[in-house]
Amino acid sequence: MPKSYLSKTVSTLKPSGIRKFFDIAATMENVISLGIGEPDFTTPQPIIDAGIRSLAQGETHYTSNSGILELRQAIAHNLEHLYGVQYDPLSEIIVTVGVSEALYLSFSALLDPGDEVIIPTPCFVSYQAEVALAGGVPVEVPTTMEDHFQPNPEVIARAITPKTKAILLGYPNNPTGAVVSRENLQAIADLAQQHDLLVVSDEIYDRLVYNFEHVCFPSLPGMQERSLLLGGFSKAYAMTGWRIGYAAGPADLIKGLVRIHQYSVMSAPTISQYAALEALRMGEPYVQDMLAEYDRRRKLIHTGMNELGLPTFEPHGAFYVFPNIQNTGMDDETFAERLLKEEEVAVVPGSSFGEAGAGFVRCSYATNYNLIEAALEKIGRFVKRL
Ligand SMILES: Cc1ncc(COP(=O)(O)O)c(C=O)c1O
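As the structure is a prediction and not an experimental result, all values here were calculated from the model.

A. The arrangement of the domain arrangement of the protein in detail. Splitting the protein by domain gives domain 1 (8-43 + 285-385) and domain 2 (46-283). Summarising the inter-unit geometry, the C-alpha centres of domain 1 and domain 2 are found 24 Å apart. Listed by partner, the interface residues are 41 residues for domain 1 and 42 residues for domain 2. The contact between domain 1 and domain 2 buries some 3300 Å² in all, and 67% of this surface belongs to carbon and sulfur atoms. The three residues of domain 1 that bury the most area against domain 2 are Thr43, Phe313 and His316, which together make up 22% of that side's buried surface. Where domain 1 packs against domain 2, one counts zero salt bridges. Linking domain 1 to domain 2 there are 15 residue pairs in polar contact (both at pLDDT 80 or more). Of all the elements in the fold, those that place two or more residues in the side of domain 1 that touches domain 2 are helix H1 (8-11), helix H11 (284-307) and strand E9 (320-321).

B. Structural detail: the side chain of Ser272. Tracing the backbone through its elements, the reader meets Ser272 in helix H10 (residues 270-282). Residue classification places Ser272 among the buried positions, given a relative accessible area of 3%.

C. Here's a closer look at the nonpolar core. Leu34, Phe107 and Ile301 are the most contacted members of the largest nonpolar core, which has 64 residues in total. When residues are assigned to domains, this core turns out to be shared by domain 1 (8-43 + 285-385) and domain 2 (46-283), each giving three or more. Excluding residues within four positions of it along the chain, Ile301 makes contact with Leu34, Val321, Cys363, Tyr365, Ile372 and Leu376. With 31 residues, the next largest nonpolar core counts Val141, Ala159, Ala189 and Phe313 among its residues.

D. Representation of the environment of Thr96 within the structure. Examined against the element boundaries, Thr96 turns out to sit in strand E2 (residues 93-96). Residue Thr96 is classed as buried on the basis of its relative accessible area of 0%. The spatial distance from the C-alpha of Thr96 to the C-alpha of Arg243 is 8.0 Å, given a sequence separation of 147 residues. A distance of 2.8 Å separates a polar atom in the side chain of Thr96 from the backbone oxygen of Gly98. Of note is the side chain of Thr96, whose polar atom sits 3.3 Å from the backbone nitrogen of Tyr246.

The rules behind the values
- Residues numbered from 1 in each chain as written.
- Predicted model: local features only at pLDDT ≥ 70, side-chain atom pairs only at ≥ 80, totals over all residues.
- Heavy atoms only, no water.
- Domains from an automatic or database assignment.
- Contact = heavy atoms within 4.5 Å.
- Buried area = accessible area lost by both parts, 1.4 Å probe.
- Salt bridge = Lys/Arg side-chain N within 4 Å of Asp/Glu carboxyl O.
- Polar contact = N/O pair within 3.5 Å; in protein donor to acceptor, adjacent residues only side chain to side chain.
- Helix = DSSP H or I, 4+ residues; strand = E, 2+ residues; numbered from the N terminus.
- Buried < 20%, exposed > 50% of the residue type's maximum accessible area, 1.4 Å probe, protein only.
- Core = buried A, V, L, I, M, F, W, Y, C linked by side-chain atoms within 4.5 Å.

Shown next, in the form of structure tokens:
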């Protein structure tokens, strides 16, 4: 057997805890999955049609590295319309292969070996890995259910060292559903200013908020020049499979992202760029319909979990609830494994999202209402039996 040729960075990277559960669930029939972090809706028809039309019209080539100009213009227009922030489509926006690639590009472009990135957790599973892959050091700062999973500026301040380069925020949050208050974001902005840090703000769930204001981080005074805004189409427009997103920020940083992007992927998928353009032009009524349905499910699952005796924070954004399962006496991995085996309901152990997620499980409500009802019944049976 030859030695492993994998780099130390890659061989020490932990596999995502989510994948492990998908792999088990995939071998079982009749599983109700609350595990998946993507909309159950298919992409709205006009968006699909725009993709097909672009193919029929011969748009089968590479585009500009940064993406087609009409799409960058539409993204800039949308950000100005929603949040009052102004980006130059020519130099301050890059279209990427989802927010996933935007994260990869951001940290590859920003970090030198050993640079630290502060990440409030629980958080999206890729954050720590993206920082580590770029040679950086992810520094987790925990958030708690008692604090409504708000990132605590004092805790962040204590984690800042001379090596800190950036703070990575992901709100509305996967997996907790927390949305950060303006006041709290302002306190983080003040810290960024004081310590000359960059803020990478992943706002992929910006349109999925329930009676709550989403504050776009770069819209805070003085923050546009020290933030990279990452946004996408996967969640609000149900376009996960199209693999399309973007980053917006100061021209010199975007130039750095484009440099890596041009050598690694060349340009985001062309048909997806045309579909995304249609999403921004025509997608709003569909976003509102999906949002209303998520909200109905959100109320059902939030109330349902609390009634089963699993204390659950009311999520104000994204499409997840994050019940605390500690009073079952099990750790989150065991809870998820037994629930899957005994009741065929898939949830994700909270510790997959950072240490602060231990003792919780993530349940997605991007799942049919009736299935959520059935899952709640099964979880109720499971919890009662314990
Ligand atoms: C917080 C967060 N950021 C980024 C992504 C990746 O999104 P995309 O499909 O745009 O790559 C996800 C997907 O689950 C997510 O939850």
